[in-house]
Amino acid sequence: MAVTILIPAPLRRFTEDRAAVQVEAKTVTEALAKLDELYPGIRERICEPDGRVRRFVSIFVNGKDIRSLQGVETPLADGDEVGIIPAMAGGR
Amino acid sequence: MIRIPRDQYQAIIEHAQREAPREACGLLGGHGERIERVYPVTNRAELAVEFFAERGLIPPGRDYRPDAPGSIAVERFFMDPEEQFRVLREIERSGLDHLGSYHSHPATAAYPSRTDVELAAFWPNMLLLICSLAAPARPVVRAFRVYEGQVSEESILVED
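Only a predicted model underlies this, so the values are computations on that prediction, with no experimental measurement involved.

Enquirer: Can you tell me about the overall build of chain A, naming the residues and giving the values?
Expert: Assigned secondary structure in chain A consists of 2 helices and 6 strands. A globule of 92 residues ought to have a C-alpha radius of gyration of about 12 Å, and chain A, at 12 Å, matches this closely. Projecting the C-alpha coordinates of chain A onto the three principal axes gives extents of approximately 45 × 30 × 25 Å. Contacts in chain A between residues far apart in sequence, at least 24 positions, make up 49% of those at least 6 positions apart.

Pasting the structure below:
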C-alpha cells in the first residue's frame, strides 16, 4: 500500500526539501505516523497531541478534504495521494 | 526586486475591484523573484469564524455573519482549502514554483495587518502581495515577506 504524501513548502525543511514522500499506509493516521518516523517532529506541525488535525491544516486524499471523508481514519489505497496544506488567511 | 508581467499585475487589481468591499485572495506562481501567473482563489472567510476567533482576531462586539451590517467577514480572507490545494497542484504541474499569495485591503493601506503577520507564520518568508483600494482611483500593490513576525518589503517591477 504505497501512498504519496505531498509536503507543502513550509514543511519541507523537515523532509530535506522533498516535495513528495512515499510511505506504506492503510489510513491517513498511519501515513502521518510513518512520515513522522522518517522525519521526526513533522507530525506535531500537522496534528494536535490527541491526533486530531490542527484547525489551520487541511489534509486531502486524492484532492478531497478528509473532513468530508472519514477524517484521519480515511482509508488509503495503493497509489493514493495525501496532500497537506496550512490555511492561507489574513485580513486588514 | 519582484518582477511581474503587467497583465498579471492588472489581474490582481481587477480581482480586488470585483470582490470589494470583501477581500480578494489568490496564489502566485513563478520562478525565483519573478511572478509569472496569478491564480484567484475563493475567499471563504465567513466559514472560518472559529479559526479567527481562537486566535483573538475578531474584535469584541463585531458580528461575523457575512450579511450582517458591519460584518467582520468583509475584513478577512480565508482561502477555500480544496481550491487552494487544487491551485497549488496546478502551479506545480505547470512547472512553476509556488512563490506566495496576494490579497486585497479594500479600505486600508497596502501593508500587512496584525492578522496578516500572525497568519503568515504558516507560510514563513513566502511572498505576500497586498493590493489596497483605499484610494479607489489609484490602487496600490506592494510586496512583503514575513519571517518570525518581522515584515520586510520588496520593490515591484511591472514588466511590459
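Enquirer: For helix α1 (residues 6-19) of chain B, give the residues involved together with the corresponding values.
Expert: Residues and elements named next belong to chain B. With 14 residues, α1 extends 20 Å between its outermost C-alpha atoms, agreeing within 8% with the 20 Å of an ideal straight helix rising 1.5 Å per residue. Taken together, the buried positions of α1 are Y9, I12, H15, A16 and E19. Buried residues of α1, viewed axially, fall in a sector of 120°; they line one side. In α1, the exposed positions that point more than 90 degrees away from the buried face belong to R6, D7 and R18.

Enquirer: Describe the confidence of the model for chain A, with residues and values.
Expert: Summarising the model, chain A shows a mean pLDDT of 93, and 99% of its residues fall at 70 or more. Looking at the elements of chain A, mean pLDDT is at its lowest for strand β6 (residues 89-91) of chain A, recorded as 88, and at its highest for helix α1 (residues 28-38) of chain A, recorded as 97.

Enquirer: Describe the confidence of the model for chain B, naming the residues involved and giving the relevant values.
Expert: Across chain B, pLDDT averages 90, with 94% of residues at or above 70. Here the predicted complex carries an ipTM of 0.85, next to a pTM of 0.88.

Enquirer: How would you explain the pairing of strand β5 (residues 97-105) of chain B if you had to name every residue and give the values?
Expert: Residues and elements named next belong to chain B. Judged by how many residues are buried, β5 sits mostly within the fold: 8 of 9 residues are covered. Alignment of β5 against strand β6 (residues 127-132), held across 6 bridges, turns out to be parallel. Each bridged residue has a counterpart across the sheet, and for H103 the counterpart in β6 is I130. For the crossover that starts at β5, traverses helix α4 (residues 114-119) and ends in the parallel β6, the hand is right-handed.

Enquirer: Would you mind going over the interface of chain A and chain B in detail, with residue names and values included?
Expert: Contacts between the two partners involve 17 residues from chain A and, on the opposite side, 27 residues from chain B. Put simply, the parts of the chain that give the side of chain A that touches chain B at least two residues each are β3 (57-61), β5 (81-86) and β6 of chain A. Residues that form the side of chain A that touches chain B fall into these classes: 9 nonpolar, 5 polar and 3 charged. Note: β6 of chain A against strand β4 (residues 76-78) of chain B, 3 bridges, orientation antiparallel. Residue pairing across strands places G90 of chain A opposite F77 of chain B, the latter belonging to β4 of chain B.

Enquirer: Can you break down the sheet that holds strand β2 (residues 20-24) of chain A residue by residue, with the values?
Expert: Strand order across the open sheet formed by 5 strands is β2-β1-β5-β3-β4 (chain A), with mixed pairing between neighbours. The strands lining the two open edges of the sheet, one partner per strand, are β2 and β4 (64-65) of chain A. Lying on the sheet, α1 of chain A is in contact with β1 (2-6), β2, β3 and β5 of chain A; it crosses β2 of chain A at an angle near 115°. Helix-sheet contacts for helix α3 (residues 81-93) of chain B involve β3, β4 and β5 of chain A, and the interaxial angle to β5 of chain A is about 110°.

Enquirer: If you had to explain the nonpolar core to someone new, which residues and values would you point to?
Expert: Among the nonpolar cores identified, the biggest contains 60 residues, and A31 of chain A together with L129 of chain B are the most heavily contacted of them. In terms of residues, this core owes the most to one element, β6 of chain B, which gives 5 residues. With near-sequence residues (within four places) excluded, L129 of chain B lies in contact with I12, L28, G100, Y102, V141 and A143 of chain B.

Conventions adopted
- Numbers given to residues run from 1 along each chain, matching the order in which its sequence is written.
- Lettering for chains starts from A, numbering for ligands starts from 1, and both go in the order in which the items are written.
- Where local features are concerned, this predicted model is filtered to residues with pLDDT of at least 70; where side-chain atom pairs are given and counted, the filter is 80 or more; whole-chain, interface and lining totals use all residues.
- Elements are defined by DSSP. Helices are runs of H or I of four residues or more, strands are runs of E of two residues or more, and each kind is numbered from the N terminus.
- The reference for a compact globule is 2.2 Å times residues^0.38; the radius of gyration itself is calculated from the C-alpha atoms.
- Our contact criterion uses C-beta atoms placed from the backbone: two residues qualify when those atoms are within 7 Å.
- Given the number of residues in a helix, its expected span is that number minus one, multiplied by 1.5 Å.
- Exposed residues have 12 or fewer other C-beta atoms within 10 Å of their own C-beta, buried residues have 20 or more, and residues in between are partly exposed; the C-beta atoms are placed from the backbone.
- Note that the arc is computed from the directions linking the helix axis to the C-beta atoms.
- Note: pLDDT gives the predictor's confidence per residue, expressed from 0 to 100.
- Between any two strands, pairing holds if DSSP finds at least two bridges.
- The handedness of a crossover follows from its direction of travel: if, with the strands pointing away from the viewer, the path from the first strand over the helix to the second runs clockwise, the crossover is right-handed.
- For this classification, Asp, Glu, Lys and Arg are treated as charged, while Ala, Val, Leu, Ile, Met, Phe, Trp, Tyr, Cys and Pro are nonpolar and the rest, including Gly, are polar.
- A fitted line through C-alpha atoms serves as each axis, taken over the contacting stretch for helices, and the angle formed by two N-to-C directions is quoted from 0 to 180°.
- Here, a nonpolar core denotes buried Ala, Val, Leu, Ile, Met, Phe, Trp, Tyr and Cys residues that are linked to one another through C-beta atoms within 7 Å.

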